[in-house]
Amino acid sequence: MLRNVLLGCAASLMMPAWGGEIEPRAYANAPVDVNFFVAGAIYSDGALANSAASPLKDSQLKVNTEVLAYARTLDVWGKSAKFDAILPYSHLSGTAMVAGQPRERNVAGFNDPLMRLSVNLYGAPALSLPDFRSYQQDLIVGASVQLSAPLGQYDSSKLVNLGNNRWFVKPEIGVSKAMGDFTLELSAAAFFFSRNDDYFGGKTLKQDPIYTAQLHGTYHFSNGIWFSLSSAYDHGGDTFVNGVSSDNQSDNWRLGATLSLPINKNNSLKIYGSNGLVTRRGTDFDLFGLLYMYRWGGGL
């Protein structure tokens, strides 16, 4: 049980982060004062499903991302909590038609970094490692707030960039119910975006919130391996350029799977992938990732 929980604690470090990202076991309990270092590689291949009014047509993008992340479990007024920070670096290549003209884009650089604080409000008390050994999950209710800072690569003369030149904040609430070796999870969140005053060609970009929901079913094997099947839905996010709607709000479904493999009590691997089941607007992509995680502290 303890190994399952520790392996799941870094599930929220999966990238990339946008409406439709899939994160099983985001609110799993774990002993306090445990540190997690994560390094990995993620490959995504896809296109942008745009409205008829968009100047960007027939896009095909490939992104290779290396990611470093750190997380630590905390005691917040007797509740188990976690802080995590993610720093991705990507290589993007792609082609598209822009205003009827063929364009090619090749760029490498940092994405916008992410930071998050999550707190389990019910059903997951803050416990030391010795006390945690006897903990059995029933129902957990948790909440989190994630922040993205506009520090990544950005060029206002280009439509496609790795950074977004704006902030976003993502509040989320999640529920996790254990039923023997099976766990069912449901979460709901919203992305709220600041304004980009230096959008393509010096324009102003505003975006409505994106609302997301996720459902995960996870099975825990006796040897510490766990496997999850997930679905995610996102809606909203219409953009406005100089006050004019782009008619490009998301209305998309994604499916994903995650396999976590322990090496020993301090090291593990995670393999995951997802693809767009239904993409009416937004980013339609296939994603595959491999993460290595090392954990220490808290008496491990």
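These figures come from a predicted structure and were not determined experimentally.

## Quick notes on the pattern of salt bridges
Phase 1: Considering all chains together, one arrives at seven salt bridges under this definition.
Phase 2: K170 is the salt-bridge partner of E23, the closest N and O atoms lying 3.4 Å from each other. Taken together, the residues span a long stretch of sequence, with E23 in the loop between α1 (2–8) and β1 (35–49) and K170 in strand β7 (residues 168–179) at a distance of 147 residues.
Phase 3: With a relative accessible area of 5%, E23 lands in the buried category.
Phase 4: Residue K170 is classed as buried on the basis of its relative accessible area, which comes to 2%.
Phase 5: Here K177 ties to D138 by a salt bridge, and the two come within 2.4 Å at their closest N and O atoms. Of this pair, K177 sits in strand β7 while D138 sits in the loop between α2 (129–132) and β6 (139–148), and the two are 39 residues apart along the sequence.

## So, the pairing of strand β9 (residues 196–199)
Phase 1: In terms of strand pairing, β9 meets strand β10 (residues 203–207) through two bridges, oriented antiparallel. By the bridge assignment, Y199 is partnered in β10 with K203.
Phase 2: The antiparallel pairing of β9 with β10 creates a hairpin that spans three residues between the two strands, and G201 there sits at a positive phi of about 80 degrees.

## Let's talk about the side chain of T73
Phase 1: Tracing the backbone shows T73 in strand β2 (residues 56–76).
Phase 2: Residue classification places T73 among the buried residues on the basis of a relative accessible area of 3%.

## A look at unusual backbone geometry
Phase 1: Despite not being glycine, R25 has its phi angle at roughly 60 degrees, a positive value.
Phase 2: Considering the arrangement of structural elements, one finds R25 in the loop between α1 and β1.
Phase 3: A positive phi angle, near 55 degrees, is found at N165, a position not held by glycine.
Phase 4: Along the chain, the position of N165 falls in the loop between β6 and β7.
Phase 5: The class of N165 is partly exposed, set by a relative accessible area of 29%.

## Brief notes about the sheet that holds strand β13 (residues 239–241)
Phase 1: Read from one edge to the other, the open sheet built from four strands follows the order β9-β10-β13-β14, with strand pairing classed as antiparallel. Sheet topology places β9 and β14 (244–245) at the edges, where each strand pairs with a single neighbour.

## Focus: the confidence of the model for the chain
Phase 1: Overall, the prediction assigns the chain a mean pLDDT of 88, with 89% of residues at 70 or greater.
Phase 2: In the model, residues 1–20 has pLDDT below 50 throughout and makes 87 contacts with residues more than four positions away in sequence or in other chains.

## Re the side chain of D234
Phase 1: Here D234 lies in strand β12 (residues 226–236).
Phase 2: Notably, D234 is buried but unbridged: the nearest opposite-charge side chain belongs to R254, and the N-O separation is 7.0 Å.
Phase 3: Separated by 3.5 Å, the side chains of D234 and S250 make a polar contact.

## Regarding the packing of aromatic side chains
Phase 1: The full count for this structure, using the stated rule, is nine aromatic pairs.
Phase 2: Consider the rings of Y89 and F110, whose centres lie 5.0 Å apart with planes at 85 degrees: the pair is edge-to-face. Placement of the pair is Y89 in strand β3 (residues 79–98) and F110 in strand β4 (residues 101–110), with a sequence separation of 21 residues.
Phase 3: Judged by its relative accessible area of 29%, Y89 falls in the partly exposed class.
Phase 4: R25 extends its terminal NZ or CZ atom over the ring of W226, reaching a point 5.3 Å from the ring centre.

What counts as what
- One numbering rule holds for all chains: residues counted from 1, following each sequence as written.
- Local features in a predicted model are, by the rule used here, given only for residues with pLDDT of at least 70; side-chain atom pairs are given and counted only at 80 or more, and totals for whole chains, interfaces and linings are based on all residues.
- Side-chain descriptors were evaluated using all non-hydrogen atoms of the structure, hydrogens and water having been removed beforehand.
- What makes a salt bridge here is a side-chain nitrogen of Lys or Arg within 4 Å of a carboxyl oxygen of Asp or Glu, nothing more.
- In DSSP terms, a helix is any run of H or I states spanning at least four residues, a strand is any run of E spanning at least two, and both are numbered starting from the N terminus.
- A simple rule labels every residue: compare its accessible area, found with a 1.4 Å probe on the protein chains alone, to the largest value its type can have, and call it buried under 20%, exposed over 50%, or partly exposed in between.
- Pairing between strands requires that DSSP locate at least two bridges from one strand to the other.
- For every residue, the pLDDT score states the predictor's confidence, bounded by 0 at the bottom and 100 at the top.
- In what follows, residue pairs with any heavy atoms lying within 4.5 Å of each other are defined as contacts.
- We count Lys and Arg on the positive side and Asp and Glu on the negative side, and we leave His and both chain ends out.
- The term polar contact refers here to a pair of N or O atoms within 3.5 Å; inside protein, the definition further demands a hydrogen-donor-capable atom paired with an acceptor-capable atom, and it admits residues adjacent in sequence only when both atoms are side-chain atoms.
- Here the aromatic set is Phe, Tyr and Trp, taking the six-membered ring for Trp, and pairing holds for ring centres within 6.5 Å; pairs whose planes are under 30 degrees apart are stacked, those over 60 apart are edge-to-face, and all others are tilted.
- For a lysine, the NZ atom is tested; for an arginine, the CZ atom; a charge sits over a ring if that atom is within 6 Å of the ring centre and within 35 degrees of the ring normal.

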